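Now for the letters of each chain:
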Amino acid sequence: MSRRPYVAANWKMNKTASEADEFLDAFLPTQTADGAEVVLCPPWLALQRVAERCAGTPVRVAAQNMFYEDSGAFTGEVSAPMLLDIGVDGAILGHSERRQFFGETDEALARKVPKAIEAGLEPILCVGETQAERESNDTESVLSHQVLTDLAEIHTDDLAKVVIAYEPVWAIGTGLTATPDQAQESCEFIRNLLRSRDPHKAEQVRILYGGSVKPGNAEELLALPDIDGALVGGAALDPADFGAIVAAAPAE
Ligand code: 13P
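Rules behind the numbers
Residues numbered from 1 in each chain as written. Predicted model: local features only at pLDDT ≥ 70, side-chain atom pairs only at ≥ 80, totals over all residues. Heavy atoms only, no water. Helix = DSSP H or I, 4+ residues; strand = E, 2+ residues; numbered from the N terminus. Rg over C-alpha atoms; globule rule 2.2 N^0.38 Å. Buried < 20%, exposed > 50% of the residue type's maximum accessible area, 1.4 Å probe, protein only. Pairing = 2+ DSSP bridges. Axes fitted to C-alpha atoms, helices over the stretch in contact; angles between N-to-C directions. 1 Å grid on protein atoms, 1.4 Å probe; cavity = no way out; pocket = protein on both sides within 12 Å on 5 of 7 lines; lining within 4 Å. Points joined across faces, edges and corners; volume = space filled by probe spheres on them. Nonpolar A, V, L, I, M, F, W, Y, C, P; charged D, E, K, R; others polar. Near = heavy atom within 4 Å. Polar contact = N/O pair within 3.5 Å; in protein donor to acceptor, adjacent residues only side chain to side chain. Areas by Shrake-Rupley, 256 points an atom, 1.4 Å probe, with all protein chains shown as cover. Phe/Tyr/Trp six-rings, centres within 6.5 Å; stacked < 30°, edge-to-face > 60°. Lys NZ or Arg CZ within 6 Å of the ring centre and 35° of its normal. Salt bridge = Lys/Arg side-chain N within 4 Å of Asp/Glu carboxyl O. Core = buried A, V, L, I, M, F, W, Y, C linked by side-chain atoms within 4.5 Å. Contact = heavy atoms within 4.5 Å. Right-handed = clockwise from strand over helix to strand, strands pointing away.

Colleague: Before we move on, could you go through the overall build of the chain and cite the residues and values that matter?
Modeller: Scanning the chain for helices and strands turns up 11 helices and eight strands. Computed over its C-alpha atoms, the radius of gyration of the chain comes to 17 Å, within 12% of the 18 Å expected for a compact globule of 252 residues. On the principal axes, the C-alpha backbone points of the chain span a range of 45 × 45 × 35 Å. Taken across its 252 residues, the chain has 54% of its residues classed as buried.

Printed below as a string of structure tokens:
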């Protein structure tokens, strides 16, 4: 089963709208419709600008979060219809920084993921264990709980609409990358969890690795059998570095 490689830039809380423009000036002319699917995830205030400039290009755009209600008294939140209205294609959900610093729960994610799918947005669901969980041999139980809870409410028919990013928390922004064996083992474990829902659809789900992906390690990680792409933080802030990671994705 061939899965089109998927490389996403999570800018986190970086780049003003003008800085996003500078990135796009350098990056967009280098992108063609061949090769990996490329997705930029800018912060809220650059999102509309980036979505407008990427319209009509092969580059797609996703938010870094989304709430599960369409509208109402939810101060500070942003809904699926609001994202669709400005031309956004998807949303990162459950990033470890949202889990760690902003109280994101698996129960909320179990509502956000189906909401995104129902609205026609592509969810990029992030899962991953902390250093302490890895050291106490809890990686598999943590991944099982996250994947099975967060996807519990989606229809099995929709499974292949979800992109999953395996991001070991200890590898994010630390310069510590999971070894290829560790990354492959966890991504294969995640695919096996998906097989328990639907063996056929599980083959279609793109599973990304995230955590200190750089131009120098991307090729090796992206060549692994159960890794279909990357979710890139720090190295995605620079158009040349991010472009090099996109170019490292294998041909489909
Ligand atoms: P870094 O690439 O900076 O480690 O961040 C990874 C990440 O959290 C992407 O979502």
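Colleague: Can you lay out the sheet that holds strand S4 (residues 90–93) for me, pointing to particular residues and giving the numbers?
Modeller: Read around the closed barrel, the eight strands follow the order S1-S2-S3-S4-S5-S6-S7-S8; overall the barrel is parallel. Averaged over all pairs of adjacent strands, the angle between their axes in this sheet comes to 25°, without regard to strand direction. For strand S1 (residues 6–10) and strand S2 (residues 37–41), the ladder comprises five bridges, and the chain directions are parallel. If you follow Tyr6 over to S2, its bridge partner there is Glu37.

Colleague: Describe the layout of surface pockets, listing the residues and the values that go with them.
Modeller: Taken as a whole, the largest pocket spans an internal volume of roughly 480 Å³. Considering the residues around the largest pocket, the lining is formed by 17 residues, among which Lys12, Met13, Gln64, Arg98 and Phe102 are closest to the centre. For the lining of the largest pocket, the element with the most residues is helix H4 (residues 96–101), which contributes three residues. The class makeup of the residues in the lining of the largest pocket is eight nonpolar, five polar and four charged.

Colleague: So, the site of the ligand: which residues are in play, and what are the values?
Modeller: Every residue lining the ligand is accounted for by Asn10, Lys12, His95, Glu167, Ala171, Ile172, Gly173, Gly211, Ser212, Leu231, Gly233 and Gly234. One of the side-chain nitrogen or oxygen atoms of Glu167 is found 2.9 Å away from an oxygen atom of the ligand. In this structure, an oxygen atom belonging to the ligand sits 2.8 Å away from a main-chain N or O atom of Gly234. A total of 310 Å² of accessible area belongs to the ligand in isolation, and the protein chains cover 96% of it.

Colleague: Tell me about the packing of aromatic side chains, and please be specific about residues and values.
Modeller: All told, the structure shown has seven aromatic pairs when counted by the stated rule. Ring centres 4.9 Å apart and planes at 50° place the aromatic pair Phe67 and Phe74 in the tilted group. Overall, the relative accessible area of 12% leaves Phe67 in the buried class. Members of the aromatic cluster, joined through ring pairs, are Trp11, Phe23, Phe27 and Phe242. Lying across the ring of Trp11, Lys15 places its NZ or CZ 5.3 Å from the centre.

Colleague: Report on the pattern of salt bridges, specifying residues and quantitative values.
Modeller: Pairing is possible between side chains of opposite charge, provided their charged atoms come close. With the rule as written, the count across this model stands at 20 salt bridges. A salt bridge links Asp150 to Arg99; the shortest N-O distance between them is 3.0 Å. With a gap of 51 residues between them, Asp150 in helix H7 (residues 139–150) and Arg99 in helix H4 connect regions that are remote in the sequence. Each member of the pair Asp150 and Arg99 is classed as buried. For the salt bridge of Arg195 with Glu203, the shortest nitrogen-to-oxygen distance reads 2.8 Å. Overall, the relative accessible area of 22% leaves Glu203 in the partly exposed class.

Colleague: Can you explain the nonpolar core? Please cite residues and give values.
Modeller: Counting 69 residues, the largest nonpolar core has Leu40, Leu151, Leu194 and Phe242 as its most contacted members. A total of six residues in this core trace back to one element, the largest contributor, which is helix H8 (residues 180–197). Discounting residues that sit within four places of it in the chain, Leu151 has contacts with Val113, Leu125, Leu159, Val162, Ile164, Leu194 and Arg197. Tyr6, Ala8, Val163 and Leu208 belong to the second-largest nonpolar core, a separate cluster that totals 12 residues.

Colleague: Could you give me a rundown of empty space enclosed by the protein, with the residues and numbers involved?
Modeller: Scanning all chains against the criterion turns up one cavity of 30 Å³ or more. Quantified by volume, the largest cavity comes out at close to 30 Å³. Taken together, Gly94, Ser96, Arg99, Cys126, Val127, Gly128 and Glu167 make up the full set of residues lining the largest cavity. Broken down by secondary-structure element, the contributors of at least two residues to the lining of the largest cavity are H4 and strand S5 (122–127). The class makeup of the residues in the lining of the largest cavity is two nonpolar, three polar and two charged.

Colleague: So what about the pairing of strand S8 (residues 229–232)? Which residues, and what values?
Modeller: The side chains of a regular strand alternate between both faces of the sheet. Because side chains alternate across S8, one face comprises the buried residues Gly229 and Leu231, and the other comprises Ala230 and Val232, equally buried. The pairing of S1 with S8 spans four bridges and is parallel. Directly across from Ala9, in S8, lies its bridge partner Val232. A crossover connection joins strand S7 (residues 206–210) to the parallel S8 through helix H10 (residues 215–222); in handedness this β-α-β unit is right-handed.

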